[in-house]
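Understanding the architecture of this molecule
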Amino acid sequence: MRTERFAVIIVGAGPSGLSCALDLHESRISYVVLERNPELGGQLVEIENTIRDFAAGLFENGNALKQQLAAQCQQLGINIRYNSPAENINLARKSVACAGIVYESDVIVMATGCRARKLVVPGIARAANDVFYYSEHNLDKLSERPIAIVGGGDNALMDAVQLAQTAPIVYLINRSNRLKARADVVQMARSNERIKLLLEHELAQVISEDGKMKSVSVFDRVGCLNHTLEVERLLIRAGSAPNTEQVKGQVRMDEQGRIYIDQWCSTSAHGFYACGDISSPGYARLATALGHGSLAALAIRTNRTPQNHA
């Protein structure tokens, strides 16, 4: 493998990683952004709804924001290496190996985002074609059918409200007796007669025939009974899992795998910063991701570390 050296290695070309790169680029600090996909944007492509709570502008969807970021990065000449998945991240050596190259640095910034949390229950693999983790780009397959949705957050309830426009019935399965979604979204779901809320229930089994979903079994945690729901589709919105496996055991993380950060996004590993959805504490919003990237860049410029906070 050949070696390349930069002052900063940024892993991930989503909003947080790009925010850091833009700041470092302006400060003329040498950096490289390593992106496993053939294009930038990270999880932006999963946002199909209008982005209205972002103070930088109103965007039709995540793709519209992605296109603007791509144009900005291209115009400024941001140093992004596409199709470069990090195969090995060594925080002690400050190196990242990928695509036949070992990148060495003084600092690593990780901004790898999250993925949908998978569920493992009996029968789910046999009905894989009818099980979805994102509604985005799958509405044609989810609409006009009886459906079960697992989850109690914003995404789960907003999907329930949207799909109830055409579905004969939408079952919302939530392990807790409390829904974590915004109060206005919860009210919309509760007032929709096509949405049946199954609180304190959990998915127990997926039942299929010839590879097609016929029903799901749910467990009532209060009554300790199983119920069968006749549905043709299953949408799982059970939260997200951070893409941090590459540094597990090298830095302090919480029980979900998110990396503990301080006010400068620095971590327990010297010279290692974590930004965006993979950080703890955090808030999974675009504004937070962008702010984290800028804070990390500031910390790098001014040499702020956990032992050297002014």
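Read on for an overview of the structure. Note that the structure is a prediction, hence the values are computed from the model and not measured. Going along each chain's sequence as written, the residues are numbered from 1 onward. Reporting of local features is limited, given that this is a predicted model, to residues whose pLDDT is at least 70; pairs of side-chain atoms are given and counted only at 80 or more, and all residues count toward the totals for whole chains, interfaces and linings. Excluded from the side-chain calculation are hydrogens and water; included are all heavy atoms of the structure.

Points about the overall build of the chain
For clarity, the cut-off: Secondary structure elements are defined from DSSP: runs of H or I of at least 4 residues count as helices, runs of E of at least 2 residues count as strands, and each element is numbered from the N terminus. Just to be clear, the radius of gyration here is over C-alpha atoms, and the globule rule we use is 2.2 Å times residues to the power 0.38. The contact definition used throughout considers only heavy atoms, calling two residues in contact when any of these lie within 4.5 Å. The Shrake-Rupley method, run with a 1.4 Å probe sphere, supplies the accessible areas, and residue values consider only the shown protein chains as cover. Charged residues are defined here as Lys and Arg on the positive side and Asp and Glu on the negative side; His and the ends of the chain fall outside this count. By convention, the point assigned to a charge is CZ for Arg, NZ for Lys, CD for Glu and CG for Asp.
Along its length, the chain carries six helices and 21 strands. The C-alpha atoms of the chain give a radius of gyration of 22 Å, which matches the 19 Å a tight globule of 310 residues would have. For the chain, long-range pairs separated by at least 24 residues make up 59% of all intrachain contacts whose partners lie at least 6 apart in sequence. Here the chain displays about 15500 Å² of accessible surface, and carbon together with sulfur accounts for 47% of that area. Between the mean site of the 33 positive side-chain charges and the mean site of the 32 negative ones, the chain shows a separation of 4 Å.

Brief notes about the pattern of salt bridges
Let me state the cut-off plainly: A pair is scored as a salt bridge if a Lys or Arg side-chain nitrogen falls within 4 Å of a carboxyl oxygen belonging to Asp or Glu.
Evaluation of the coordinates by the stated rule reveals 13 salt bridges. Notably, a salt bridge pairs Arg81 with Glu4, separated by 3.0 Å at the nearest N-O pair. Highlighted residues: Arg81 in strand S4 (residues 80-81) and Glu4 in strand S1 (residues 2-5), separated in sequence by 77 residues. A network of salt bridges, in which partner residues are shared, links Arg2, Glu4 and Arg81.

What about the pairing of strand S13 (residues 195-199)?
Definition in use: One requirement defines pairing of two strands: DSSP has to find at least two bridges between them. A crossover gets the label right-handed when its path from the first strand over the helix to the second runs clockwise, viewed with the strands pointing away from the viewer.
Where strand S12 (residues 170-174) and S13 come together, five bridges link them in parallel fashion. Across the sheet, residue Tyr171 finds its bridge partner in S13, namely Lys196. With helix H5 (residues 183-190) bridging S12 and its parallel neighbour S13, the resulting β-α-β unit is right-handed.

Regarding the packing of aromatic side chains
The condition is simple: In this scheme Phe, Tyr and Trp rings, the latter by its six-membered ring, pair at centre separations within 6.5 Å, and the angle between planes marks the pair as stacked below 30 degrees, edge-to-face above 60, and tilted otherwise. The rule is simple: take the accessible area with a 1.4 Å probe, protein chains only, and divide by the maximum for that residue type; under 20% is buried, over 50% is exposed, in between is partly exposed.
Throughout the structure, instances matching the rule amount to two aromatic pairs. Centre to centre, the rings of Phe6 and Tyr103 are 6.3 Å apart; their planes meet at 35 degrees, and the pair counts as tilted. With Phe6 in the loop between S1 and strand S2 (8-11) and Tyr103 in strand S7 (residues 101-104), this pair connects stretches of sequence that are 97 residues apart. Overall, the relative accessible area of 13% leaves Phe6 in the buried class. For Tyr103, a relative accessible area of 1% corresponds to the buried category.

Some remarks on the sheet that holds strand S20 (residues 272-274)
Our working definition: Axes here refer to lines fitted to C-alpha atoms; in helices the fit is confined to the stretch in contact. Angles between the N-to-C directions go from 0 to 180 degrees.
Read across the open sheet, the five strands follow the order S4-S3-S2-S8-S20; overall the sheet is parallel. Either end of the sheet is taken by a strand with one partner, and the two such strands are S4 and S20. Relative to strand S8 (residues 107-110), S2 runs parallel, the two sharing four bridges. Along S8, the bridge assignment pairs Val11 with Met110. Helix H1 (residues 15-26) contacts S2, strand S3 (31-34), S4 and S8 of the sheet and is inclined by roughly 155 degrees relative to S2.

Description of the nonpolar core
Worth spelling out the cut-off: Put simply, a nonpolar core is a bunch of buried Ala, Val, Leu, Ile, Met, Phe, Trp, Tyr and Cys residues held in one set by side-chain atoms that sit within 4.5 Å of each other.
Membership of the largest hydrophobic core comes to 55 residues, with the highest contact counts inside it found for Val8, Leu24, Ile89, Val109 and Phe272. If sequence neighbours within four positions are ignored, Val8 has contacts with Leu24, Ile29, Ser30, Tyr31, Val32, Ser105, Val107, Val109 and Ile300.

Concerning H5
Stated formally: Each C-beta atom gives one direction from the helix axis, and the arc is the one those directions make.
Within the sequence span of H5, burial applies to Val185, Val186 and Ala189. Down the axis of H5, the sector holding all buried residues measures 100 degrees, keeping them to one side. Residues of H5 that are buried in the fold lie against helix H4 (154-163) and S13.

A word on the packing of H1 against helix H2 (residues 62-76)
Applicable threshold: Angular relationships are summarised with four words: roughly parallel below 35 degrees, roughly antiparallel beyond 145, roughly perpendicular across 65 to 115, and oblique for the angles in between. Left-handed is the label given to a crossing in which the near helix is rotated counterclockwise from the far helix by less than a right angle, and right-handed is the label when the rotation is clockwise. Asp, Glu, Lys and Arg are counted as charged, while Ala, Val, Leu, Ile, Met, Phe, Trp, Tyr, Cys and Pro are counted as nonpolar; the rest, among them Gly, fall into the polar class.
Between H1 and H2, the least distance of the axes is 12 Å, while the angle of their chain directions is 25 degrees. Relative to H2, the element H1 lies roughly parallel. You can see that H1 and H2 cross each other, and the crossing is left-handed. Contacts from Leu18, Leu22 and His25 of H1 reach H2 at Leu69, Gln72, Cys73 and Leu76. Per-class residue counts for the contact of H1 with H2 are five nonpolar, two polar and no charged.

As for the environment of Pro38
Following the sequence through the fold, Pro38 ends up in the loop between S3 and H2. When the C-alpha atoms of Pro38 and Leu24 are compared, they prove to be 22 Å apart, with 14 residues separating the residues in sequence. Not counting residues up to four positions away in its chain, the partners in contact with Pro38 are Tyr82 and Asn83.

Brief notes about unusual backbone geometry
Cis geometry marks the peptide bond from Ser280 to Pro281, where omega comes out at 0 degrees. Here Pro281 is to be found in the loop between strand S21 (279-280) and helix H6 (286-301). Positive phi values are uncommon outside glycine, yet Ala99 reaches one of about 50 degrees. Along the polypeptide, Ala99 turns up in the loop between strand S6 (95-98) and S7. Classification of Ala99 by relative accessible area gives partly exposed; the value is 46%. Phi angles above zero are rare outside glycine, and Asp210 is one such case at about 55 degrees. With respect to the helices and strands, the residue Asp210 is situated in the loop between strand S14 (201-209) and strand S15 (212-220). Residue class for Asp210 comes out exposed when judged on its relative accessible area of 76%.

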